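Residue-level structural notes
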Amino acid sequence: MSAWLVANIAPLMFVGLVIVLMLGFPVAFSLAAVGIAFGLLGIELGLLQPTLFQALPERVWGVMSNDTLLAVPFFTFMGLILERSGMAEDLLDTIGQLFGTIRGGLAYAVIFVGALLAATTGVVAASVISMGLISLPIMLRYGYDRRVAAGVIAASGTLAQIIPPSLVLIIMADQLGRSVGDMYAGAFIPGVVLALLYAGYVFGVTMVKPAWTPALPPEARTIREADGTSGARSLLVLVIVSAVAGIAFAKLRLARTPLDETIVIATSVATGLAFVLAVINRALKLNLLSRIAERVTFVLIPPLALIFLVLGTIFLGVATPTEGGAMGAAGALIMAIARRRLSLPLIRQAMDTTAKLSTFVVFILIGARVFSLTFYGVNGHVWVEHLLTSLPGGTLGFLIVVNILIFFLAFFLDFFELSFIVIPLVGPVADKLGIDLIWFGVLLGVNMQTSFMHPPFGFALFYLRSVAAKKEYTDRLTGKRMAPVTTGQIYRGAVPFVLIQVLMIGLVIAFPQMVMVYKSAESTVDPAQVEIVLPPSESSAPPPDFGVPQTDEQKEQQKEKEDAKDNSDAQSLEDLFKAPAPGPGK
Amino acid sequence: MNALLALSRAIDALTERIGRVVYWLILVVVVISATNAVVRKAFNYSSNSFLEIQWYLFSAIFLVGAGYTLLRNEHVRIDIVSGRLTARAQNWIDVVGIVLFLFPMTVIIGWLSWPLFMDAFVRHEVSTNAGGLTVWPARLIVPVGFLLLFMQGVSELVKRIAFLQGRIPNPLERQHGRSAEEQLAEEIARQRNADGARS
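Residues numbered from 1 in each chain as written. Chains lettered and ligands numbered in written order. Predicted model: local features only at pLDDT ≥ 70, side-chain atom pairs only at ≥ 80, totals over all residues. Heavy atoms only, no water.

Bringing the interface of chain B and chain A into the picture now. Every contact between the two is made by 75 residues of chain B and, on the other side, 81 residues of chain A. Summed over both partners, the interface of chain B with chain A comes to about 7100 Å²; 73% of that surface belongs to carbon and sulfur atoms. Of all residues in chain B, W55, I78 and F101 of chain B give up the largest surface area on contact with chain A, accounting jointly for 11% of the area buried on that side. Viewed at the interface, chain A and chain B are joined by three salt bridges. Between R40 of chain B and E323 of chain A there is a salt bridge whose closest N-O contact spans 2.6 Å. (Contact = heavy atoms within 4.5 Å. Buried area = accessible area lost by both parts, 1.4 Å probe. Salt bridge = Lys/Arg side-chain N within 4 Å of Asp/Glu carboxyl O.)

Quick look at the structure:
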């Protein structure tokens, strides 16, 4: 009996964890309890040292002194303040008006605003609730198919999960022992591609079933010129002028900087110019710009300014992701004050929610660290590694199996649980197989995004359900009776987008270049350099050791291996992205 | 049992008060971090004490706030199975979970982290980073946080048992009104109506 136990303790521990988690007691304490129970069993069986638990306080200490996790409350707080600032509503109104009169236009507007909000914050609930309350009734009023409308809103809200700065990427970076800045740089293009795929789906619908996504009639526009024209031409001119200026500036001044830096600078210059022109136009009453052009410029400035403040400074290497989060939170506060939306109850509520969310997230991590102390002690990682490396198909087989596993686990686990429980198990194996961990992280991030869209538990669907009409209602504008949105319609609407997500997983596997761009972003601030370090201490940036006890020699070897690998991987990409001149970062 | 329920109410009140104080640290740490980032770039001045105080404060938030989060029942659960069970069954699961899962964890970690605090306190340990802070306050947060979590666990246990005896309404039903999402939705709807009325 005890020999059998000794031989199978790791698989037993894993099964025990699954059973205990299913009981529905808080995940953090369940994880810790399984770790402690099997730790006691291991000590009894002579597998583990009786002093095993002495390591627990240091594990908690390691979680406390982890700078990366500080970004979690910052980005959460920023999102909570921002969702009440009215920015999303203004964006949806204006962009909806702009695109509304083309076929599928409202759906494009939702995707565009969803992506923009996603790049400002990382909170899914806020986007879905705003869009469900503002865009959904308009879409229904003009006869959009309910499934398409619901699906596009839920999916666009989940973009917050993959477009930086998202919480899941922070946690993924932490768990994989990579820098958050790299993870952000790597996730950026896949996030944009995903938004384009959503738009592509809408375009397909407009082609095959035009009646599902009708264009709004011209009278639906409230922002138009005195003579009744849309004023879109004026906007187009403004966009072209600003874009040309931005690109020209970037080309002239910054030929030697990496790609992402160039993008940040060019966008900032272009936006700044458009803003200045719009302000001059308004101040001098020149009337050179149409109303829509002016309106669009003014509503886009706040989100773009926040994106610059957060992502811009991170990509430029001015701020660490943690600092970027803090500045974003401060920026959101300032913006809310400027819009007179900030009140004491709002701040209290935001702080309360942030404190509770950060606490449960960090406690899952603490629980996972207690679990892993025992699990690694009984060589559970070796068991997992054997299991995963013995799969047919080598690296690709491993990737496919891990993705299928996560896809199905995402039906009933959310991304915090997936990141803290599954990633530490599969991460080291991926590393051993020579898989780039940033790419791996982004890939799993795209996958975990589906956990928000899986019927029936996906949170995005749940939030949309909570704000979509459950009963028949009278439309405010037309006075017509409108049928409610059924739960079935919301679920069915999500299905095509879950499939797009699966397609995107395939695309990221097939085209790693989308992620590997991060290697040209060497200028990102390394948190380890920010600290004024004397000798390496326990609070400096941790190596990617996944809690596996390692000797210094092993770490040294791993480091060398990584360096060698990085160089070979980077070679072809450098040719691609740094062809004109090698960046100063190298 | 009445005495225990009184104890539970006292613990809840304490936890509530502590939670409402501790969450202000979020604003404090946002301001410190943002200021530090700007100052570091603008004046090229930084000290490790500013970096360390940030994680000291964050640690205080999640360790001291753990009991508060438990009081609010916000530690995430996987309720795919338990969500379909009766209220009694859910409360039974919590009784078992608190006694067998929560208590051992809080006792072991709290107990073992006390000597580390004493050690740091007696030796006047200072962080090894240049300009670093005194270590003992951060070490103290760990046993304090786990003690508060343990106490809140006692209170929750009392409430679960009292419910199973039919003395109080189901403590797992949300007592604290609307969720943050519901409040957001109401806020936007209210704003919309105000806009609609004006135009």
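With that settled, the discussion passes to the confidence of the model for chain B. Confidence along chain B averages 89 in pLDDT terms, with 95% of residues attaining 70 or more. Here helix α6 (residues 180-198) of chain B stands out as the least confident element of chain B, with mean pLDDT 73; helix α5 (residues 136-164) of chain B is the most confident, with 96. (pLDDT = per-residue confidence, 0-100. Helix = DSSP H or I, 4+ residues; strand = E, 2+ residues; numbered from the N terminus.)

Let's shift gears to the packing of aromatic side chains. Both the distance between ring centres and the angle between the ring planes are used here to describe each pair of aromatic rings. Residue and element names in this part refer to chain A. Applying the stated criterion across every chain yields a total of 31 aromatic pairs over all chains. Centre to centre, the rings of F275 and F298 are 6.0 Å apart; their planes meet at 85°, and the pair counts as edge-to-face. With F275 in helix α12 (residues 259-283) and F298 in helix α13 (residues 291-316), this pair connects stretches of sequence that are 23 residues apart. Owing to a relative accessible area of 31%, F275 belongs among the partly exposed residues under this scheme. An angle of 20° between the planes, with centres 5.9 Å apart, marks the rings of F459 and Y463 as stacked. One end of the pair, F459, and the other, Y463, are both in helix α20 (residues 459-467), four residues apart, so they sit about a helical turn from each other. Accessibility expressed as a relative area gives 13% for Y463, which makes it buried. Three or more aromatic residues joined by ring pairs form one cluster here, namely F360, F415, F416, F452, F459, F462 and Y463. Looking at R147, its charged tip hangs above the ring of W212, at a distance of 5.0 Å from the centre. (Phe/Tyr/Trp six-rings, centres within 6.5 Å; stacked < 30°, edge-to-face > 60°. Buried < 20%, exposed > 50% of the residue type's maximum accessible area, 1.4 Å probe, protein only. Lys NZ or Arg CZ within 6 Å of the ring centre and 35° of its normal.)

Residues and elements named next belong to chain B. Following both chains from N to C, one finds helix α1 (residues 2-22) and α5 inclined at 135°, their axes separated by 9 Å at the closest point. It follows from the interaxial angle that α1 and α5 lie oblique. The chirality of how α1 crosses α5 is left-handed. Residue-level contacts link L4, L5, L7, S8, I11, D12, L14, T15 and I18 of α1 to L148, M151, Q152, V154, S155, E156, V158, K159 and A162 of α5. For the contact of α1 with α5, the residue count by class is eleven nonpolar, four polar and three charged. (Axes fitted to C-alpha atoms, helices over the stretch in contact; angles between N-to-C directions. Parallel < 35°, antiparallel > 145°, perpendicular 65-115°, else oblique. Left-handed = near helix turned anticlockwise from the far one by under 90°. Nonpolar A, V, L, I, M, F, W, Y, C, P; charged D, E, K, R; others polar.)

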